[in-house]
Amino acid sequence: MGGNHYGVMKRIILSCMIGLPLVLLLSVLSISYYFFTHSIESATTASIVRIVEDHRDMIDTFLRERKADLAFILRSYTFKALSNPRELDAVFERLQEKSNTFVDLGVFNEAGLHVAYHGPYKLVGRVYREATWFKEVMKNGYYISDVFLGYRRLPHFVIAVGRQEGGKTWVIRATIDTYMFNHIVEGVHIGKTGEAYLLNAKGVFQTQRRSGGNLMAGDPEALELPESQSSTRTFMQKDSRGEKFLYATTWLREKNWLLVVRQEKSDAFKALYTATYLVLMVSVLGGAVIILAAFFLTGRIVSRIKRADTEKKDLGEQLIRASRLAELGEMAAGFAHEINNPLQIIRSEQALIEAILSDLKEAGGLKESKDLAELEDSLGQIRLQIDRCAKITQSILKFGRQSEPVLEDIDLRDYIPQVTAMISKKASVHGIKLVHDISEDSPLVNADPGQLQQVLMNLLNNAFDAIVSRHGSEGGELTVGVAPRDSEKVEIWVKDNGSGISPENLKKIFSPFFTTKPIGKGTGLGLSVCYGIIDSMGGTIEVASEKGVGATFTITLPAAG
Ligand code: ADP
């Protein structure tokens with residue numbers, strides 16, 4: 001499979017892993033955000049409406065009670081009685097006990113003449129016939145004024161009530177303490193910036209506004225005044241500083257004053273901003289986590305798939321190699337067998353020639369001569385070569401699994417040191433450090449000790465060759481290790497830091513007659529014989545190597561029992 005293939009696979013997995021959760025996350029967040037903001041908005045608006053209406057009822061009650069206080073006095077006393085300053089003083093004192101918001105109290109006859117007064121000013125004798133408040137009282141029976149300056153040059157407002165007595169109407173009038181009234185109207189607590197104030201029908205402040213706005217000054221925001229009698233309104237409007245406010249307004253019932261409650265938008269919708277901030281944070285963090293996790297997991301998945309593919313490929317190659325080796329083994333064994341027979345005949349013929357020759361010599365039929373010596377030399381050479389051929393065919397037969405192993409239980413913890421002892425001398429001569437890494441819990445193996453020794457000696461000798469060719473006689477290191485693997489297997493490994501094997505050669509290393517050694521030095525049969533032997537014991541032999549670093553041969557054998 002090409003790298004491009006993995007790239008496409010990676011992109012598909014990645015986009016699914018990022019796209020799906022991200023879409024889900026964002027839709028859940030936006031839906032909940034929508035409903036949440038909606039509910040906060042309506043809850044905030046509902047709460048400011050409730051506040052303005054409760055507050056209106058409270059102020060209305062206050063005005064109604066003050067009006068009732070005055071009406072009670074009117075009904076309880078005669079004009080004559082109240083015109084008496086001492087009586088008026090006593091009445092005012094009782095009135096004060098009921099509500100200390102009254103500042104003064106005056107009595108007027110039907111012509112608008114101020115006949116008696118209790119209070120801090122000198123007003124007796126003044127005539128109010130033409131004053132609006134007096135005319136209104138004459139007409140409607142009562143009057144609540146706007147805040148005005150009047151004769152006293154101080155902002156105040158009055159409540160006046162009239163009564164018919166003996167065909168004539170007389171009037172009492174009281175001034176309300178603007179400071180206290182202010183206090184009542186201002187007394188609204190919402191958030192940090194919530195405030196309440198009154199405007200008259202011309203948009204003039206009837207109470208102080210906490211965030212700026214003087215009594216009797218015009219409203220700088222010039223709120224559009226709703227029609228009188230209309231119900232509570234809420235709206236958003238910027239003030240002169242550009243700050244956005246949430247407003248709620250309602251008309252009082254007792255007087256055509258507009259009660260305004262307002263709060264800075266950012267203050268009123270603080271929870272909303274917090275929610276927005278949180279939603280943004282969660283989106284960003286969640287998104288980041290999703291993306292990171294997707295990258296991480298995709299990387300892992302693709303590399304797993306890659307590894308599985310390589311393993312599959314390796315396994316396939318191993319299988320092919322193994323079956324090729326098996327075929328080769330069969331063929332080689334057959335071949336060796338065929339060669340062996342003629343070899344035995346040649347051997348016996350050679351022995352016969354030697355015997356006849358020595359008989360002739362003893363009988364004196366042959367004299368010592370140069371030719372005879374050459375003949376004997378030649379015969380010796382023939383014997384040597386026949387022995388060599390016999391050895392090779394023996395090896396081939398072993399590779400071809402022709403000789404049955406004699407199995408017994410071997411304790412590798414003792415056995416391995418015995419084998420390595422045989423080469424320890426050679427190791428020290430070549431300056432090679434021999435290391436054992438033998439696990440104490442290695443189980444017994446069922447194997448042919450002679451054959452196993454042959455395999456190990458082969459591996460050790462190959463390692464020596466590789467080490468010497470890389471390091472000469474210094475710096476070599478050879479480790480022989482044993483450890484249990486899974487529960488039913490044992491691993492024996494021989495690891496060297498020699499010249500290593502190129503990937504090219506790694507594939508052919510167990511093939512018979514594969515060698516990199518010069519002619520006459522290596523036969524290329526060593527590892528193929530090892531392979532045959534280990535295979536016949538029901539085990540496997542594998543190699544791992546990097547060119548220029550070293551090689552590790554690993555034998556896996558079934559544990560005994
Ligand atoms: P021979 O030793 O006769 O060449 P082998 O079958 O034992 O035959 O080894 C085959 C080849 O494998 C060697 O020629 C050598 O190139 C390589 N080889 C074996 N063992 C090692 C090793 N430990 N390090 C490097 N190369 C090795």
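Refer to the structure above for everything that follows.
What counts as what
Residues numbered from 1 in each chain as written. Predicted model: local features only at pLDDT ≥ 70, side-chain atom pairs only at ≥ 80, totals over all residues. Heavy atoms only, no water. Helix = DSSP H or I, 4+ residues; strand = E, 2+ residues; numbered from the N terminus. Rg over C-alpha atoms; globule rule 2.2 N^0.38 Å. Buried < 20%, exposed > 50% of the residue type's maximum accessible area, 1.4 Å probe, protein only. Contact = heavy atoms within 4.5 Å. Areas by Shrake-Rupley, 256 points an atom, 1.4 Å probe, with all protein chains shown as cover. Lys, Arg positive; Asp, Glu negative; His and termini not counted. Charge placed at Lys NZ, Arg CZ, Asp CG, Glu CD. Pairing = 2+ DSSP bridges. Near = heavy atom within 4 Å. Polar contact = N/O pair within 3.5 Å; in protein donor to acceptor, adjacent residues only side chain to side chain. Nonpolar A, V, L, I, M, F, W, Y, C, P; charged D, E, K, R; others polar. Arc of directions from axis to C-beta. Axes fitted to C-alpha atoms, helices over the stretch in contact; angles between N-to-C directions.

J.: Which parts of the structure should I look at to understand the overall build of the protein?
T.: Check the secondary structure of the protein and you find 12 helices and 16 strands. For 561 residues, the compact-globule formula gives about 24 Å, and the C-alpha radius of gyration of the protein, at 59 Å, lies well above that figure. Taken across its 561 residues, the protein has 38% of its residues classed as buried. Considering only contacts within the protein whose residues lie at least 6 apart along the sequence, 62% involve residues at least 24 apart. Of the roughly 31,200 Å² of accessible surface on the protein, 57% is carried by carbon and sulfur atoms. Distance between charge centroids for the protein: 14 Å, based on 65 positive and 66 negative side chains.

J.: Would you mind showing me how to read the pairing of strand 1 (residues 102-108) here?
T.: Every other side chain in a regular strand lies on the same face of the sheet, so the side chains alternate between the two faces. Buried residues dominate strand 1, accounting for six of its seven residues. Direction of pairing for strand 1 relative to strand 5 (residues 168-176): antiparallel, over a ladder of six bridges. Residue pairing for strand 5: Phe102 is matched across the bridge by Ile176. Across four bridges, strand 1 lies against strand 2 (residues 114-118) in antiparallel orientation. Within the sheet, the bridge partner assigned to Phe108 lies in strand 2 and is His114. Counting the residues that bridge the hairpin from strand 1 to strand 2 gives five residues, and of these Gly112 lies at a positive phi of roughly 85°.

J.: Can you help me understand the site of the ligand in this one?
T.: The ligand sits among 18 residues. The nearest are Asn462, Thr515, Thr516, Lys517 and Leu527. Taking Asp496, its side chain carries an N or O atom lying 2.9 Å from a nitrogen atom of the ligand. In the model, an oxygen atom of the ligand is placed 2.4 Å from a nitrogen or oxygen of the Thr516 side chain. Every element with two or more residues in the shell around the ligand is listed here: helix 10 (449-471) and helix 12 (526-536). Residue contributions to the shell around the ligand peak at four residues, all from helix 10. Each residue belonging to the shell around the ligand can be placed in one class, and the counts come to seven nonpolar, nine polar and two charged.

J.: Looking at this model, I keep getting lost on unusual backbone geometry. Mind explaining?
T.: Residues other than glycine predominantly adopt negative phi, and peptide bonds predominantly adopt the trans conformation. Located in the positive-phi region is Met216, a residue other than glycine, with phi close to 70°. With respect to the helices and strands, Met216 occurs in the loop between strand 6 (195-199) and strand 7 (233-238). Although it is not a glycine, Asp486 sits at a positive phi angle of roughly 50°. Its place among the elements puts Asp486 in the loop between strand 13 (476-485) and strand 14 (489-496).

J.: Teacher, can you tell me more about helix 4 (residues 132-140) here?
T.: Note that an α-helix has 3.6 residues per turn; residues three or four places apart therefore point the same way. When we look at burial in helix 4, the residues that qualify are Trp133, Phe134 and Val137. Angularly, the buried residues of helix 4 cover 100° about the axis, an arc narrow enough to put them on a single face. Across helix 4 from its buried face, at more than 90 degrees, point the exposed residues Thr132 and Lys139. Looking at the packing, one finds that the buried side of helix 4 touches strand 1, strand 3 (142-144), strand 4 (157-165) and strand 5. Positive phi shows up at Gly141, right after helix 4, with a value of about 95°.

J.: How should I be thinking about the sheet that holds strand 6 in this particular structure?
T.: Read across the sheet, four strands follow the order 6-9-8-7 without closing on themselves; strand pairing throughout is antiparallel. Looking at the sheet topology across the chains shown, the edges are occupied by strand 6 and strand 7. Strand-to-strand, the axes of this sheet are offset by a mean angle of 30°, without reference to chain direction. Note that strand 7 and strand 8 (residues 244-251) share six bridges and pair antiparallel. By the bridge assignment, Arg233 is partnered in strand 8 with Thr249. Across the sheet, helix 5 (residues 178-186) is in contact with strand 6 and strand 9 (258-264); its angle to strand 6 comes to roughly 125°.

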